[in-house]
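# Secondary and tertiary structure notes
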Amino acid sequence: MGGSGSRLSKELLAEYQDLTFLTKQEILFSVHVVLAPHLVDNEQQARSGNEHTGKPIAENTDSSPLSTRAHRRFCELLPQEQRSVEQSLLAQVPFEQILSLPELKANPFKERICRVFSTSPTRDSLSFEDFLDLLSVFSDTATPDIKSHYAFRIFDFDDDGTLNREDLSRLVNCLTGEGEDTRLSASEMKQLIDNILEESDIDRDGTINLSEFQHVISRSPDFASSFKIVL
Amino acid sequence: MAQPLAFILDVPETPGDQGQEPSPYDESEVHDSFHQLIQEQSQWAAQEGLELQQREQEATGSGQQTLRRPEGTQSTATLRILASMPSRTIGRSRGAIISQYYSRTVQLRRRSSRPLLGDFVLSARPSLRLYDLELDPTAREEEEKQSLLVKELQSLAVAQRDHMLRGMPLSLAEKRSLREKSRTPRGKWRGQQGSGGVCSCCGRLRYACVLALHSLGLALLSGLQALTPWRYALKRIGGQFGSSVLSYFLFLKTLLAFNALLQLLLVACIVGPQVAFPPALPGPAPICTGLELLTGAGCFTHTVMFYGHYSNATLNQPCGSPLDGSQCTPRAGGLPYNMPLAYLYTVGAGFFITCITLVYSMAHSFGESYRVGSTSGVHAITVFCSWDYKVTQKRASRLQQDNIRTRLKELLAEWQLRQSPRSVCGRLRQAAALGLAWLLCLGTALGCAVAIHVFSEFLIQSPEAAGQEAALLVLPLVVGLLNLGAPYLCVAAHGNIIWNLILKLAILGTLCYHWLGRRVAVLQDQCWEDFVGQELYRFLVMDFVLMLLDTLFGELVWRIISEKKLKRRRKPEFDIARNVLELIYGQTLTCAPFPLGFLLSPQTSLLANCQAPRRPWLASHMSTIFLTLLCFPAFLGAAIFLCYAVWQVKPSKHLCPFRNLTAMYGPQGVGRIPGGRRPQVSWLPWVHLRGGGGGGPCCCEQRSARTWLPSQSPFDEGEDKIFLINKLHSIYERKEREERSRVGTTEETAAPPTLLTDERDD
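Cut-offs and rules
- Residues numbered from 1 in each chain as written.
- Chains lettered and ligands numbered in written order.
- Predicted model: local features only at pLDDT ≥ 70, side-chain atom pairs only at ≥ 80, totals over all residues.
- Heavy atoms only, no water.
- Helix = DSSP H or I, 4+ residues; strand = E, 2+ residues; numbered from the N terminus.
- Buried < 20%, exposed > 50% of the residue type's maximum accessible area, 1.4 Å probe, protein only.
- Contact = heavy atoms within 4.5 Å.
- Areas by Shrake-Rupley, 256 points an atom, 1.4 Å probe, with all protein chains shown as cover.
- Phe/Tyr/Trp six-rings, centres within 6.5 Å; stacked < 30°, edge-to-face > 60°.
- Core = buried A, V, L, I, M, F, W, Y, C linked by side-chain atoms within 4.5 Å.
- Domains from an automatic or database assignment.
- Buried area = accessible area lost by both parts, 1.4 Å probe.
- Salt bridge = Lys/Arg side-chain N within 4 Å of Asp/Glu carboxyl O.
- Polar contact = N/O pair within 3.5 Å; in protein donor to acceptor, adjacent residues only side chain to side chain.
- Nonpolar A, V, L, I, M, F, W, Y, C, P; charged D, E, K, R; others polar.
- pLDDT = per-residue confidence, 0-100.
- UniProt positions renumbered as here; feature names shortened; annotations may be inferred.
- Lys, Arg positive; Asp, Glu negative; His and termini not counted.
- Patch = residues over 30% accessible without salt bridge, like charges linked within 9 Å, V, L, I, M, F, W, Y side chains within 5 Å.
- Axes fitted to C-alpha atoms, helices over the stretch in contact; angles between N-to-C directions.
- Left-handed = near helix turned anticlockwise from the far one by under 90°.
- Expected span 1.5 Å × (residues − 1).
- Bend = angle between axes of the 7 residues up to and from the residue.

Per the secondary structure count, chain B includes 27 helices and two strands. Burial analysis of chain B (762 residues in total) assigns 38% to the buried set. Counting contacts in chain B only where the partners sit at least 6 residues apart, residues at least 24 apart contribute 75% of the total. Only carbon and sulfur atoms are counted for the fraction: they give 63% of the accessible area of chain B, which is about 43400 Å².

Here is the structure:
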């Protein structure tokens, strides 16, 4: 990592640490990437070589495994001229580049995740703070409450505040695979959705709202450990 | 309803509604109680559609209400009202989130002080109370809600406030603004206090100390995190194989850390002093051939590896009282060190620490991983909770999708089976088949144990085998091969953790009988403790060698066969159950730190040759199961074995710390101190028993499985909801029909009065 200190101001760093579940090391990602452009070229070469294995670049150049991950990964997605700290905080990265991150590439919910965390008016790009929010919710120390809240929003494909039959059917298709031979048959899908609603729709209105969803999630001890993205 | 209740429905008006007669849900028209509204509607409903409703209810066969029409075909006005319901807005709108967290903050603040009775809104229904709808008729804007939340946050302590903010599902920018707003009065307060000299100095000093401690803590944490070199390896395993296999490796890591700790204790208290004061050897040292690495005998016998080497006297004793013929070679300024006592106490302390740690972590893990009601609702839980977000590779992701699809189909098939009533004969047949399969598998396990017993008896009795050193390797080889091959014999039990456990227990039980029961009797002229230690060493080494061979060649060969012969490109699955049991078996044999080879071998085999298991292994349940297996059969068995050896078996006459005593422990044993004083060591075994026995229930009481009970019963709420939705729908249907009839009447002004009468009768 070298002796370079963080270019993110201390106050900003402390604020991010207080408001998210991330540690300092996970936030300060890119310091020597921003300060040392010659390492950027090496990383780009390394990245093209390691694309298919998805090996994170951090392990090549960074001796302290947890330092400055988030900012580094974010800065990698920006074009060269926007990699100064001030600009990186304001820049909006389009979805295609976020979806190319190795941690999200193989996830069937990646578009929904990006859409849920985006605060831009057109909801098609992520800023650095949105990215931090994403990492915070998916981190180790986030509470199951906030994880279940965001999981609900991710599964709510039509953004109407409840999971109706259409949402559930799209969710099951994401889980089983979108291909024709991997989907469940229509009768199996109908039966499955009926069973799900029977089990979780407590007030019998045909949809699952947030409280009912959180009630189901609380019965599964594995949810918090599986709803994690490790950077 | 006893009291009138003003209830505001915050529904945006549509352009179509303006200019018409006020609809029933307008503010001025809303009656003070629902009672009147429902009375009106129920009169109309009684005239019109009551028979229809009753017929529908009979058709569904339940007394519950159903929605008269599915949501998609309801009128847009109804849909708009439904969209504004609190249960739906909480999932998507920021204002609703803010008001929910406002009420939570209020509850948090009120929890510290006893709430006044007058604060409770007795007439509000529980679901409304949760959303903190005031009786004040003015509707709240989002800014008002935010200012309320800010006010509440200001009254909390800083740490609580940060904790609250961190847990809110809002974006970072909004959290920052809330934090800024709730911070201002503190600055003002500090400004006002600026004049008070000493107070502000103390305050500033305390604040500076807190900041320094905070940053020190963060620096320590970052330092600790930097010391974890295995983080990337674990991430790769999790990304490729999922959480279930990852949990096996986390278990491995925990075992390693624990073993390192115990090793430190042993080295410090036993090995170190013995190495510093080596005893005189009885005869010339044997020459080292290569076979010692496998047998543990030969030139390894008189080293610190084995128990027989340790002195039975007090080391470094002052020359005043010569005892047991030990040599008098004190070092200047040295302290006397009674080796047998040290041995007993160190091993005892190690066992005690292990016991407490195991019981505590088992209870903790149990509390974390088992929830009440987790067996019901499998469909919903599988669909909502089964996707593992750690998986980062495309192939692993596809495999996970296949697994989930298979699991869902299995669940549906099981559900179908449960729906169709099965005859008693069918159930009996199924139970009989299951019983037979289990009998066969148990028979296999017992057969293995009997085979080992017969073979060991043969070894004891055959004279030619007793002389050769290489012959000592035969029993470990046989046992190792049985361990490896038996799971393949009983194919139905492949992957079955219980069967593997029974097999291992049977084998270990037979071996313990063989050592303590038979070998002690046979070996009169040798140190039997040394022999048992060497046997354990041989078993470990043989197990390790066979596992390496299996890893390198067995799985590789299997993969080649399956790819070429069976034309399948699937790798064999990583059998978590068997690997965990191998680990625990190895740990039990040593009761001490065991070689790293056990750790590296599974990982290399995994990454090269295996794929993730098909059956869903719940990661959190698994860590509980591993800990339970480590605690109950393994640790308890080893403890019982050692206790029996210490109390009942006569120590041998030669070269051992407890030689020439009737028992290792007890009034004739180590409890005797020269001079006849009886030390207070009799509490030692009772501490062990109490610690193990008492700690378990104690921890389990504290960490009972968590339950989640809703704060109010929502079942009646559902009925109310459907009732209201149906009433709303009938109101709008009525409105539309009146609208149409009014249009019809204005068009046909010359219509005969009979028609009007007909309309009005509706």
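What follows deals with the packing of aromatic side chains. All names here are of chain A. On inspection of all chains with the given rule, the structure shows 17 aromatic pairs over all chains. An angle of 55° between the planes, with centres 5.4 Å apart, marks the rings of Phe 109 and Phe 155 as tilted. Within this pair, whereas Phe 109 is found in the loop between α9 (102-105) and α10 (110-117), its partner Phe 155 is found in helix α12 (residues 144-155), the two being separated by 46 residues in sequence. Side by side, Phe 109 and Phe 155 carry an identical accessibility label, which is buried. An angle of 25° between the planes, with centres 5.1 Å apart, marks the rings of Phe 223 and Phe 227 as stacked. Given a relative accessible area of 1%, Phe 227 falls into the buried group.

Turning our eyes to something else, we now look at the nonpolar core. Core analysis: the largest hydrophobic core is formed by 87 residues, its most contacted members being Phe 109 and Phe 155 of chain A together with Phe 384 of chain B. Two domains each provide a minimum of three residues to this core, namely domain 1 (65-138) and domain 2 (143-230) of chain A. Ranked by size, the runner-up nonpolar core spans 31 residues in total, among them Phe 249, Leu 252, Leu 358 and Phe 626 of chain B.

Taken together, the 72 residues of chain B in the interface contact 83 residues of chain A. Summing both sides of the interface, chain B and chain A together bury roughly 7200 Å²; the carbon and sulfur share of this comes to 59%. Considering only the surface of chain B that becomes buried against chain A, Leu 172, Phe 384 and Tyr 389 of chain B emerge as the three largest contributors, covering 13% of it. At the boundary of chain B and chain A, one finds four salt bridges. One salt bridge in this structure joins Arg 176 of chain B and Glu 129 of chain A, with 2.5 Å as the shortest N-O distance. Linking chain B with chain A are 16 residue pairs in polar contact (both at pLDDT 80 or more). In terms of residue count, helix α16 (residues 394-419) of chain B provides more of the side of chain B that touches chain A than any other element does, nine residues in total. A class-by-class count of the residues in the side of chain B that touches chain A yields 32 nonpolar, 20 polar and 20 charged.

This part covers the environment of Leu 728 of chain B. All names here are of chain B. Relative to the helices and strands, Leu 728 is located in helix α26 (residues 715-747). Judged by relative accessible area, Leu 728 falls into the buried class, the value being 19%. If we skip the residues at most four places from it in the chain, Leu 728 touches Thr 78 and Ile 81.

Turning next to the pattern of salt bridges. Taken as a whole, this structure holds 16 salt bridges over all chains when the rule is applied. Between Arg 179 of chain B and Glu 15 of chain A there is a salt bridge, with its nearest N and O atoms 4.0 Å apart. In this pair, Arg 179 of chain B is assigned in helix α9 (residues 172-192) and Glu 15 of chain A in helix α1 (residues 10-19), connecting two distinct chains. For the residue pair Arg 179 of chain B and Glu 15 of chain A, the accessibility class agrees, reading buried in each case. With a closest N to O distance of 2.9 Å, Asp 194 of chain A and Arg 165 of chain A form a salt bridge. Highlighted residues: Asp 194 of chain A in helix α14 (residues 186-200) and Arg 165 of chain A in helix α13 (residues 165-176), separated in sequence by 29 residues. In this structure Asp 194 of chain A comes out as partly exposed when scored by relative accessible area, which is 24%. Residue Arg 165 of chain A is classed as partly exposed on the basis of its relative accessible area, which comes to 36%.

Residue and element names in this part refer to chain B. Summing up the model confidence of chain B, the mean pLDDT is 69 and the portion of residues at 70 or higher is 55%. Below pLDDT 50 for its whole length, residues 114-139 participates in 27 contacts with residues either more than four positions away or in separate chains. Throughout residues 320-326 the model reports pLDDT below 50, and contacts reaching past four residues in sequence, or to other chains, amount to three contacts. Prediction confidence for the complex, expressed as pTM and ipTM, is 0.64 and 0.80 respectively.

So, about the UniProt feature "transmembrane region" (unreviewed entry) in chain B. All names here are of chain B. The sites that UniProt annotates as "transmembrane region" (unreviewed entry) are residues 205-227, 248-273, 342-363, 431-455, 470-490, 497-516, 536-561 and 624-647. Secondary structure across residues 431-455 comprises 100% helix and 0% strand; the distance between its end C-alpha atoms is 36 Å. Structurally, residues 497-516 is divided into 100% helix and 0% strand, and its ends, taken at the C-alpha atoms, are 28 Å apart.

All names here are of chain A. Despite not being glycine, Arg 123 has its phi angle at roughly 50°, a positive value. With respect to the helices and strands, the residue Arg 123 is situated in the loop between α10 and β2 (125-127). Positioned with a positive phi, Asp 159 is a non-glycine residue whose angle comes to about 60°. Residue placement: Asp 159 occurs in the loop between α12 and α13.

Right, let's talk about the UniProt feature "domain: EF-hand" (unreviewed entry) in chain A for a bit. Per the UniProt record, "domain: EF-hand" (unreviewed entry) is annotated on residues 143-178 and 188-223 of chain A. Annotation note: span residues 188-223 of chain A, helix share 64%, strand share 0%, distance between end C-alpha atoms 25 Å.

We now examine the side chain of Arg 405 of chain B. Note on placement: Arg 405 of chain B falls in helix α16. For Arg 405 of chain B, a relative accessible area of 14% gives the class buried. A distance of 3.4 Å separates the side chain of Arg 405 of chain B from the backbone oxygen of Thr 182 of chain A, its partner in a polar contact.

All names here are of chain B. Within helix α11 (residues 231-241), eight of the 11 residues are buried, which leaves it mostly tucked inside the rest of the structure. When α11 is considered as a whole, its buried residues turn out to be Arg 231, Tyr 232, Leu 234, Lys 235, Ile 237, Gly 238, Gly 239 and Phe 241. Positioned one or two residues after α11, Gly 242 has a phi angle of 95°, which is positive.

Right, let's talk about the side chain of Lys 147 of chain A for a bit. As for its placement among the helices and strands, Lys 147 of chain A is situated in helix α12. It is Asp 140 of chain A that comes nearest to the buried, bridge-free Lys 147 of chain A among opposite-charge side chains, at 6.4 Å.

Residues and elements named next belong to chain A. Within chain A, residue pLDDT values average 75, and 74% of them lie at 70 or more. Within chain A, the lowest mean pLDDT, 29, falls on helix α3 (residues 31-35), and the highest, 94, falls on α13. Across residues 1-6 the pLDDT falls below 50, and counting only partners more than four positions away or on other chains, this stretch makes 12 contacts in the model.

Residue and element names in this part refer to chain B. On the surface, Val 545, Leu 548, Leu 549, Leu 552, Phe 553, Val 557 and Ile 561 cluster together into a nonpolar patch covering about 580 Å² of accessible area. Examined against the element boundaries, Leu 549 turns out to sit in helix α21 (residues 528-564). Accessibility expressed as a relative area gives 42% for Leu 549, which makes it partly exposed.

As a further point, take the packing of α13 of chain A against α14 of chain A. Residues and elements named next belong to chain A. Between α13 and α14, the shortest axis-to-axis distance is 10 Å and the interhelical angle comes to 115°. Crossing hand, α13 versus α14: right-handed. Contacts between α13 and α14 involve Arg 165, Leu 168, Ser 169, Val 172 and Asn 173 from the former and Met 189, Lys 190, Leu 192, Ile 193, Asp 194, Ile 196 and Leu 197 from the latter. Classifying every residue of the contact of α13 with α14 by side-chain character gives seven nonpolar, two polar and three charged.

Another point: helix α12 (residues 243-276) of chain B. Between its first and last C-alpha atoms α12 of chain B spans 47 Å; for 34 residues at 1.5 Å apiece the expected length is 50 Å, and the two agree. Within α12 of chain B, the axis deviates most sharply at Val 267 of chain B, by approximately 45°.

This next bit is on the environment of Thr 207 of chain A. Residues and elements named next belong to chain A. Looking at the element boundaries, Thr 207 is found in the loop between α14 and α15 (210-218). In this structure Thr 207 comes out as buried when scored by relative accessible area, which is 3%. Note: C-alpha distance between Thr 207 and Leu 197 (10 residues apart in sequence) is 7.3 Å.

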